[in-house]
Amino acid sequence: MSTQTFTLPDVGEGLTEAEIVTWRVAPGDAVAVNDVICEIETAKSLVELPSPHAGTVGELLVPEGKTIDVGTPIITFVTGAAEPAAPAAAPAAPAAEEGSGSVLVGYGSGAEATSRRRRPAERPVRSTVGVIAKPPIRKLARDLGVDLTQVAPTGADGEVTRDDVMRHAEQASVFRNIQTPEWGDVREETVPAPQAGPVGLARGLSPARPSTGSGAGADESRTESIPVKGVRKATSSAMVQSAYSAPHVTVWKEVDASRTMELVKRLKASPDFADVKVSPLLIMARAVIWAVRRTPMVNAAWIDTADGAEIAVRHYVNLGIAAATPRGLLVPNIKDAQDLGMRDLARALNRLTATAREGKTTPAEQQGGTITITNIGVFGMDAGTPIINPGEAGIVAMGTISQKPWVVDGEVRPRWVTTVAGSFDHRVVDGDGMSRFIADVAAVLEEPALLVD
C-alpha cells in the first residue's frame, strides 16, 4: 500500500485560488478514478473535483469553507490494497503510485483502469414524505427555494426531475420564493469591501465604523462579518473597475410591449416551441441583436495598449445574460448569437439560465461577451442604471412588464408597458448612437414584425 497526496489543481483560466465548498467523501470511503470528491468554488464558477486515484480516502487536509492556493495539498488516498473479491486486480495497484496528483481528468496510468470499481448508478432517494428525487435535484430545489412536496413529478415511478423543479420555479412568483425575516437583535452588519476602494477613500475619507463607546462589547457580538471571496470577490472587483474607468451614461425609454406579449403567447402555443421556455426575454434578446447590427459601436470595446488607446469593433454578438444565482452575480454569454434563429436562441437562453442557477457555469462561458442584458423586471423593478460588464461598451436593462393606461389613437387604453434602459461607455458610444440603439430596441418590442427581414 502507498499514500498519495492530491493537491488543488488549476481548473482552468489561470485561476490561482479556490474555496473548498463541500466534501463528497469522508476518511475511509472507497473511491474510483473520476469519482467526485468535493466541490470547489473559484472566482468564476462552482466546479466538481474528481478523484485522480482509486483506493481509500485517507485524510481530508482542508476544511470546508476555506480558500486555498492552487498546489495546496487537500486530500490523501491509500492505494494499492487488493480487493478480497477480485484478487486478480491486485497487480495493477502499483501502477497507481505513478499517477500525478495535480491533474483533473484522465489521470493515472493505463494499467490503473483494470482495477477501477464503479459506484452503482445514483438512485433516487425516497424521503419520509414520499418525494422521490436524486440528490442533485434536491440541491437544485434548495438553491431555488422550491418545496419538492409541491412539485408535480413527471419522471418514472413518480420521480421528480430537473425539468419538474425548473418548471415549478419559473411558474412561482419571485416574491413567494423570498422569505421576509423577522427583525432580529443584529442592528448592523459589516461586509468587507474589495481591496480596490472607491474614489472617496482615495481622497482621504475613512469608512464609518461601529461605535466603540460604552457598551460597545455588546455591539461586537451583534455584528457579523462576511468574507468577500469567490464569485462575490470577482464581481465586486469587476464592478469597481468598470464604474471607475468607463464613464457611464444611461438612457431609457418607456415602451408599449403589447404586441411582444401577443407574440410570446403565440410562440408558447406553437408546436415548434413546445420543448422550450418562451418569455419576453427572448424577444428582447432578438431586439438587441437586431439593434446592434444598426449601431455596431455599442458592441465595441475600449482597449488601452502600449501605443495608446483603440476601439475594437466586434462584428459578432456574444450576448451576455446577467443571472442572479445563490452564489452571486454571473454573466455567461451565448456565443455568436447573431447566427441563431428564434427557436435556437430560446434553447440557448434556457440552457444558459439553468446552468447558471445550478452553479455549473464554466469560466469559458463567462468570457468573451460583447454586450449584456439584465432582466431586472423579474424582481418587479421598472428601470435601473446598470453597470457595464468589463470588456464591453453597453448593457441593456429590461424592466417589469405590467398593464398601464396608454394613449392609443387618441384614446386611453390598458396596454402592456415596460421600460428599456441602457448604460454605455461614453468613450466608445456617443449620445446619438446610444439613443438610436435604445430606440431600435424599443421599436422591436413595440412591433416585433421588424425582426422579419
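The model shown is predicted, which means the values in this text are computed figures rather than measured ones.

Engineer: Which parts of the structure should I look at to understand the overall build of the chain?
Structural biologist: On a plain count of helices and strands, the chain comes out with nine helices and 23 strands. The 453 residues of the chain split such that 40% are buried. For the chain, the share of sequence-separated contacts (at least 6 apart) that also reach a separation of at least 24 residues comes to 63%. Accessible surface for the chain amounts to roughly 24100 Å². Of this, 52% is attributable to carbon and sulfur atoms.

Engineer: Just checking my understanding: could you explain the packing of aromatic side chains for this structure?
Structural biologist: Centre-to-centre distance and the angle between the planes together describe a pair of aromatic rings. In total, this model carries one aromatic pair according to the counting rule given. With a centroid separation of 5.8 Å and 85 degrees between ring planes, the pair formed by Phe424 and Phe437 is classed as edge-to-face. With Phe424 in strand β23 (residues 411-425) and Phe437 in helix α9 (residues 431-446), the pair connects residues that are 13 residues apart, well separated along the chain. What makes Phe437 buried here is its relative accessible area of 0%.

Engineer: Explain the nonpolar core here, please?
Structural biologist: The nonpolar side chains of a soluble globular protein tend to be buried with one another. Residues Met284, Val288, Leu319 and Phe437 are the most contacted members of the largest nonpolar core, which totals 50 residues. At 11 residues, helix α7 (residues 280-294) tops the list of elements feeding residues into this core. Counting residues in hydrophobic clusters, the runner-up holds 18 residues, among them Leu8, Trp23, Ile37 and Val47.

Engineer: How should I be thinking about α7 in this particular structure?
Structural biologist: One turn of an α-helix holds 3.6 residues; hence residues three or four places apart share an orientation. Between its first and last C-alpha, α7 extends 21 Å over 15 residues, near the 21 Å set by a 1.5 Å rise per residue. With 13 of 15 residues buried, α7 lies mostly within the body of the structure.

Engineer: Just checking my understanding: could you explain the pattern of salt bridges for this structure?
Structural biologist: Working definition: two side chains of opposite charge can pair if their charged atoms are close together. Per the stated rule, a full pass over the model turns up 14 salt bridges. A salt bridge links Asp344 to Arg347; its shortest N-O distance comes to 3.6 Å. With a gap of three residues between them, Asp344 and Arg347 both fall in helix α8 (residues 342-357), about one helical turn apart. Between Arg436 and Asp432 there is a salt bridge; the shortest N-O distance is 3.3 Å. Taken together, the residues Arg436 and Asp432, both in helix α9 and four residues apart, mark about one turn of the helix. Under the relative-accessibility criterion, Asp432 is labelled partly exposed at 47%.

Engineer: I would appreciate a short explanation of the sheet that holds strand β5 (residues 46-50) in the present structure.
Structural biologist: Two pairing modes exist for strands in a sheet, parallel and antiparallel, and in both the strands are linked by backbone hydrogen bonds. In space, the four strands of this open sheet follow the order β5-β4-β2-β7, with antiparallel pairing throughout. A single partner strand is all that each edge strand has here, and the edge strands are β5 and β7 (67-69). The average angle at which neighbouring strand axes cross in this sheet is 40 degrees, direction not considered. Taken together, the five bridges between strand β4 (residues 36-41) and β5 define a ladder with antiparallel strand orientation. Bridge assignment links Glu39 to a residue of β5, and that residue is Glu48.

Engineer: Before we go on, may I ask you to explain the packing of α7 against α8 in this structure?
Structural biologist: How two helices sit against one another is set out by the angle between their axes and by the gap between those axes. Contact geometry for α7 and α8: axes closest at 10 Å, N-to-C directions at 115 degrees. When you trace α7 past α8, the crossing you get is right-handed. Together, Leu281, Leu282, Ile283, Ala285, Arg286 and Ile289 of α7 and Met342, Leu345, Ala346 and Leu349 of α8 make up the contact between the two elements. Per-class residue counts for the contact of α7 with α8 are nine nonpolar, no polar and one charged.

Engineer: What am I meant to see in a nonpolar patch on the surface here?
Structural biologist: Judged by side-chain polarity, Trp302, Ile311 and Val313 come together as a nonpolar surface patch covering roughly 220 Å² of accessible area. Looking at Trp302, the relative accessible area reads 31%, which means it is partly exposed.

Analysis parameters
- Residues numbered from 1 in each chain as written.
- Predicted model: local features only at pLDDT ≥ 70, side-chain atom pairs only at ≥ 80, totals over all residues.
- Heavy atoms only, no water.
- Helix = DSSP H or I, 4+ residues; strand = E, 2+ residues; numbered from the N terminus.
- Buried < 20%, exposed > 50% of the residue type's maximum accessible area, 1.4 Å probe, protein only.
- Contact = heavy atoms within 4.5 Å.
- Areas by Shrake-Rupley, 256 points an atom, 1.4 Å probe, with all protein chains shown as cover.
- Phe/Tyr/Trp six-rings, centres within 6.5 Å; stacked < 30°, edge-to-face > 60°.
- Core = buried A, V, L, I, M, F, W, Y, C linked by side-chain atoms within 4.5 Å.
- Expected span 1.5 Å × (residues − 1).
- Salt bridge = Lys/Arg side-chain N within 4 Å of Asp/Glu carboxyl O.
- Pairing = 2+ DSSP bridges.
- Axes fitted to C-alpha atoms, helices over the stretch in contact; angles between N-to-C directions.
- Left-handed = near helix turned anticlockwise from the far one by under 90°.
- Nonpolar A, V, L, I, M, F, W, Y, C, P; charged D, E, K, R; others polar.
- Patch = residues over 30% accessible without salt bridge, like charges linked within 9 Å, V, L, I, M, F, W, Y side chains within 5 Å.

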